[in-house]
Amino acid sequence: MKKTLFLLCAVILGASCNSAPATQPLPAQVTISKERLLDKIKGGWAGQTIGCTYGGPTEFKFNGTMNQEYTPIPWPEHYIKWWYENTPGLYDDVYMDLTFVEVFDRLGIDAPVDSLAAAFANAGYVLWHANQAARYNILNGIRPPESGHWLNNPHADDLDFQIEADFAGLMSPGMPNAASEFCDRAGHIMNYGDGWYGGVYVAAMYSLSFVSDDIGFIVEEALKTIPEQSRYHRCMKDVIAWHKQYPGDWKRTWFECEKKWSSDIGCPDGVFVPFNIDAYILIGLLYGEGDFSKTLDIATRCGQDSDCNPASAGGILGAMLGYDNIPEKWMRNLREVEDMDFAYTDISLNRTYEMSFCQALEVIRRNGGSVGETDVTVACQQPVPVRFEQSFEGHYPTERRSIHKSLPEAGGIEFDGIGAVLTGALRCPDESYVAEVTFSIDGQPVERVKLPALYRTRRHELFWRYRLPSGSHRITAEWHNPRKDASLQIRDLLVYGSTPQAAGN
């Protein structure tokens with residue numbers, strides 16, 4: 001996610017905030033006008049919304065390859081309004097954030113995890129990957145942080161929280177450790193380990209964008225919140241190093257990242273396919289060099305989840321630049337929707353700006369700062385690493401096998417390893433129907449699961465089990481309440497072994 005060098009808001013006691021070169025850690029405190037604080041918060045939300053819109057049409061159309069510059073990406077007049085009115089689900093990046101913002105607004109910044117989780121699980125929008133697995137867990141009695149733990153959530157390392165952690169940084173200006181605390185509460189609802197670290201890192205970059213005008217400093221300083229031994233830290237550190245080595249060639253850094261870091265371990269949809277997303281925010285920020293348009297374009301052209309990445313990159317840069325400094329090319333379209341509510345909410349951008357601003361003032365007060373009539377003084381925090389977590393430890397994907405059979409025709413499914421995941425889906429025209437299936441391993445029942453036909457509450461994978469004794473195993477399934485208009489298809493078997501797959505095997 002980005003490069004180095006920096007301009008700090010160097011401030012002592014009540015002095016005003018002026019950008020100045022710096023080569024030392026963050027100052028003890030920074031004073032900023034309330035007007036400028038609000039401008040930066042607005043810039044963060046505006047940049048996120050703009051970036052999401054710009055990259056939306058190319059989402060997952062460039063997997064394992066980049067979107068070359070000769071491919072036009074449209075930005076016509078009234079574009080954001082068109083998406084709001086015709087495909088509002090594009091903004092899942094934003095309204096997921098707003099779920100947490102609304103809870104903090106309603107219950108205060110000490111809102112308990114259970115309240116955050118309940119709002120998330122019962123919301124009307126559709127979810128995928130780690131978010132949907134967590135929703136299912138919560139609705140079926142598995143509460144956070146267990147709802148995001150890799151033993152209960154095969155998508156624990158996915159980037160879900162990375163794309164919905166913006167709120168934590170925007171409510172914690174200059175206080176990355178405070179942002180990490182909010183991330184701990186919200187992020188473990190759906191993620192663990194590297195999946196959680198993505199959100200912690202994004203939130204820290206947002207937080208530091210309030211007190212630094214240099215992207216390089218922001219991305220390196222924010223990385224201090226991530227444990228060095230984690231895969232996530234090592235990947236981001238590599239991207240920063242490649243940027244220094246190839247400062248004028250983002251495509252070379254993209255290539256190096258794909259070569260080294262594109263092998264997924266956990267996500268059942270991403271193993272053995274091109275599926276590397278985490279680093280593209282960083283590539284966009286570093287090579288965008290503080291230029292809003294260039295940053296969005298590079299983050300988008302890196303491919304994969306190309307609405308989420310320019311959304312986060314645009315949000316971080318928007319918070320650094322401020323709302324009033326985002327180019328008019330982008331703002332014309334945004335202003336048309338600022339009073340329109342996002343889908344599944346009664347919250348507009350204008351209301352979001354105010355809620356985030358009020359929450360930021362409270363976080364500043366709670367963390368040793370002060371709020372005056374026209375200015376605020378932030379007690380800056382030196383970033384410290386959060387605790388170390390590692391998902392899928394000792395588990396290595398060894399096989400993906402196409403099953404494509406329905407129950408009960410699938411019969412017993414045999415594999416050799418220490419873990420397995422069955423993907424598939426229940427289909428039934430009656431969305432109130434919930435299938436009940438007992439899955440057994442080696443003849444022993446291990447889980448009786450509920451499989452809702454309703455897509456919003458579905459179980460993302462049919463079954464999984466890790467940490468099995470190494471050796472041969474057999475999975476069987478008993479469908480307790482079948483009906484003629486329902487089908488339950490097993491799509492793929494994903495197998496894990498205790499050692500990495502040998503080259504050429």
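Residues numbered from 1 in each chain as written. Predicted model: local features only at pLDDT ≥ 70, side-chain atom pairs only at ≥ 80, totals over all residues. Heavy atoms only, no water.

A. Structural view of the pattern of salt bridges. Counting across every chain of the model gives 30 salt bridges. Here D492 and R400 are joined by a salt bridge, their closest N and O atoms 3.3 Å apart. Taken together, the positions of D492 in strand β13 (residues 487-497) and R400 in strand β6 (residues 396-406) put the pair 92 residues apart, joining distant regions of the chain. Relative accessible area serves as the criterion here: at 13%, D492 is assigned to the buried category. Relative accessible area serves as the criterion here: at 28%, R400 is assigned to the partly exposed category. Each of D110, E362, R365 and R366 takes part in one network of salt bridges that share partners. (Salt bridge = Lys/Arg side-chain N within 4 Å of Asp/Glu carboxyl O. Helix = DSSP H or I, 4+ residues; strand = E, 2+ residues; numbered from the N terminus. Buried < 20%, exposed > 50% of the residue type's maximum accessible area, 1.4 Å probe, protein only.)

B. Examining the side chain of N153 more closely. Structurally, the position occupied by N153 is in the loop between α5 (129-139) and α6 (166-170). By relative accessible area, which is 0% here, N153 ends up buried. Not counting the four nearest positions on each side in its chain, N153 is found in contact with A130, A133, A134, N137, S147, G148, M190, F392 and W464. (Contact = heavy atoms within 4.5 Å.)

C. Region of interest: the packing of helix α8 (residues 194-208) against helix α10 (residues 231-245). Close contact between α8 and α10 brings their axes to 9 Å; oriented N to C, the two are set at 50°. Comparing their axes, α10 and α8 come out oblique. Contacts from D194, Y197, G198 and Y201 of α8 reach α10 at R231, Y232, M236 and I240. Among the residues forming the contact of α8 with α10, the class breakdown is 5 nonpolar, 1 polar and 2 charged. (Axes fitted to C-alpha atoms, helices over the stretch in contact; angles between N-to-C directions. Parallel < 35°, antiparallel > 145°, perpendicular 65-115°, else oblique. Nonpolar A, V, L, I, M, F, W, Y, C, P; charged D, E, K, R; others polar.)

D. Looking closely at the side chain of T31. With respect to the element layout, T31 can be found in strand β3 (residues 29-33). A relative accessible area of 6% places T31 in the buried class. Of note is the side chain of T31, whose polar atom sits 2.9 Å from the side chain of T377. (Polar contact = N/O pair within 3.5 Å; in protein donor to acceptor, adjacent residues only side chain to side chain.)

E. View of the sheet that holds strand β9 (residues 434-441). In spatial order, the strands read β7-β12-β9-β10; together these 4 strands make up an open sheet with antiparallel pairing. Single-partner strands in this sheet number two, and they are β7 (413-417) and β10 (444-452). The mean inter-strand angle of the sheet, taken between neighbouring strand axes irrespective of direction, is 25°. Relative to strand β12 (residues 471-479), β7 runs antiparallel, the two sharing 5 bridges. Each bridged residue has a counterpart across the sheet, and for I413 the counterpart in β12 is I475. (Pairing = 2+ DSSP bridges.)

F. Expanded view of the sheet that holds β6. Across the sheet, 4 strands lie side by side as β6-β13-β8-β11; this open sheet has antiparallel pairing. Both outer strands of the open sheet, β6 and β11 (463-465), are each paired with one neighbouring strand and no more. Adjacent strand axes in the sheet meet at a mean angle of 15° when their direction is disregarded. Summarising the sheet, strand β8 (residues 419-427) and β13 pair through 9 bridges and their orientation is antiparallel. In the sheet register, G419 faces β13, and the bridge partner there is Y496.

G. Looking closely at the nonpolar core. In terms of nonpolar packing, the biggest core is built from 123 residues, with F167 and Y201 touching the most fellow members. Counting 28 residues, the second largest nonpolar core, distinct from the first, contains F415, A420, L422 and L488. (Core = buried A, V, L, I, M, F, W, Y, C linked by side-chain atoms within 4.5 Å.)

H. Geometry of helix α16 (residues 349-366). Taking 1.5 Å of rise per residue, the 18 residues of α16 would be expected to cover 26 Å, and the 26 Å separating its terminal C-alpha atoms lies within 8% of that figure. Of all the residues in α16, the buried ones are L349, T352, Y353, M355, S356, F357, Q359, A360, L361, V363 and I364. A positive phi of about 85° marks G368, the residue just after α16. (Expected span 1.5 Å × (residues − 1).)

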